Amino acid sequence: MTSTLSAETSWDPESNIPQDVMNYIKSKPFNKYTQINFFFQLVALLKTQKRTGWLNMGIENPESISDHMYRMSIMTLALDPKAWESSERVPDFGKCSKIALVHDIAEALVGDIVPHDAEIDKVEKSKREYKAILYLCQIIESYSAESAHDIKECWIDYECQRTLESTIVKDIDKFELLVQTFEYERMHNRRMDEFYGCRKVIKNEEIKKIADELISQRDEFIKANKL
Ligand code: ZN
């Protein structure tokens, strides 16, 4: 399944790295501790980059990419294993949590490209993200081949949707968007109907139930505020 991944793009993963971070790594001798510190500085970009979808909607100071991944990670840990008892196997929610924490990590370098971006199509976005994860994991590998492999496998797992755990994280990705949308709707007293379409792509029954509860709360809010 990983054979569908391609990093064939002229896009340069270093093009989005702030100059001071590049200066830092260029001024240091190459060793495992300078490399892992370089990686941690790149992870910081996830804390400062705001999610494009909200900026496009005119939401001021919206959540960052890491805000989104952190809440997803907690959500997967809070899911009830009993809800999966009748399925083939009970998911490993610790694994889900790890996948959630890394699934958008490539955006540290690529940025958050939204589906209707006119300049960068889906294929190019995917190539850039794969090139970025290879770049990031190469840095980590200088410190630990084992952890680099682990992070890369979690990312590919999500990208290729090759395990039960990654399908749960995909659903949580959509659900977290619904939660965040409802929060911004309440905060700004406005409707953002366009984000609710993602409810229908949620596949796992338990997450459908949780999402439907949120949507009924939201319906009440819309009615009460005559929006
Ligand atoms: Zn995401």
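Up top is the structure these notes are about.
Residues numbered from 1 in each chain as written. Predicted model: local features only at pLDDT ≥ 70, side-chain atom pairs only at ≥ 80, totals over all residues. Heavy atoms only, no water.

Caption draft 1: Local environment of the pattern of salt bridges. If you walk through the whole model with that rule in mind, you get 16 salt bridges. The partner of R71 in a salt bridge is E183, and the shortest N-O contact between them spans 2.9 Å. Taken together, the residues R71 in helix α4 (residues 65-78) and E183 in helix α9 (residues 164-188) connect sequence positions 112 residues apart. (Salt bridge = Lys/Arg side-chain N within 4 Å of Asp/Glu carboxyl O. Helix = DSSP H or I, 4+ residues; strand = E, 2+ residues; numbered from the N terminus.)

Caption draft 2: Quick peek at the coordination of the zinc ion. Taken together, the protein donors to the zinc ion comprise H68 (NE2), H103 (NE2), D104 (OD) and D173 (OD), at separations of 2.2 Å. Between the four donor atoms coordinating the zinc ion, the angles at the centre fall across 80 to 175°, so the site counts as irregular. Written as a sequence motif, the donor residues of the zinc ion are H-x34-H-D-x68-D. With H68 in helix α4 and H103 in the loop between α5 (93-102) and α6 (107-110), the pair connects residues that are 35 residues apart, well separated along the chain. Exposure remark for H103: the relative accessible area of 4% places this residue in the buried category. (Donors = N, O, S within 2.8 Å, 3.2 Å for Na, K, Ca; no water. Tetrahedral: all angles 85-135°; square planar, octahedral: opposite > 155°, others 65-115°. Buried < 20%, exposed > 50% of the residue type's maximum accessible area, 1.4 Å probe, protein only.)

Caption draft 3: Examining the packing of α9 against helix α10 (residues 205-224) more closely. At a closest axis distance of 10 Å, the pairing of α9 and α10 adopts a crossing angle of 10°. The orientation of α9 relative to α10 falls into the category roughly parallel. Relative to α10, α9 is oriented so that their crossing is left-handed. Facing I168, D171, I172, F175, L178, V179, F182, E185 and R186 of α9, the residues of α10 in contact are I207, I210, A211, L214, I215, Q217, R218 and F221. Its residues assigned to classes, the contact of α9 with α10 shows twelve nonpolar, one polar and four charged. (Axes fitted to C-alpha atoms, helices over the stretch in contact; angles between N-to-C directions. Parallel < 35°, antiparallel > 145°, perpendicular 65-115°, else oblique. Left-handed = near helix turned anticlockwise from the far one by under 90°. Contact = heavy atoms within 4.5 Å. Nonpolar A, V, L, I, M, F, W, Y, C, P; charged D, E, K, R; others polar.)

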